[in-house]
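Inside the fold
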Amino acid sequence: MKSLVVIGIILLGLGALLFYLNDMAIDLRVIYGALSGIGIGLIIGGLVGYVSKGNAVKEAQLRNEFKQLQKEKAELEKQRVENNLNSGSL
């Protein structure tokens, strides 16, 4: 995702640089606009992807922690039942 943002910034900068440095003898506004548009799109796409990935990773981590807590709870209940049976039979 970070590489998309870097490539987008490079393309946006390249489009702006060519637009301002050219003496406009040849009408290349379409190319400048395309470079800038692709650059902006890649920047926005990279940022959205980065945020989405971060949220998905956090949710997966929470699910794993919840499963672990459920396993620990079941284990503790099993031990409590065994202790109750052992203390009752003595």
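Residues numbered from 1 in each chain as written. Predicted model: local features only at pLDDT ≥ 70, side-chain atom pairs only at ≥ 80, totals over all residues. Heavy atoms only, no water.

**Some details on the UniProt feature "transmembrane region" (unreviewed entry) in the chain**
Mapped onto the present numbering, the UniProt feature "transmembrane region" (unreviewed entry) falls on residues 28–51. With 96% helix and 0% strand, the stretch residues 28–51 has end C-alpha atoms that lie 35 Å from each other. (UniProt positions renumbered as here; feature names shortened; annotations may be inferred. Helix = DSSP H or I, 4+ residues; strand = E, 2+ residues; numbered from the N terminus.)

**Here's the deal with the environment of Arg29**
Its location among the elements puts Arg29 in helix H2 (residues 29–89). Put simply, Arg29 and Gly15 are 14 residues apart on the chain and 9.4 Å apart in space, counted from C-alpha to C-alpha.

**A look at the UniProt feature "coiled-coil region" (unreviewed entry) in the chain**
Under the local residue numbering, the UniProt record ascribes the feature "coiled-coil region" (unreviewed entry) to residues 57–86. Helix makes up 100% of residues 57–86 and strand 0%. Its end C-alpha atoms lie 44 Å apart.

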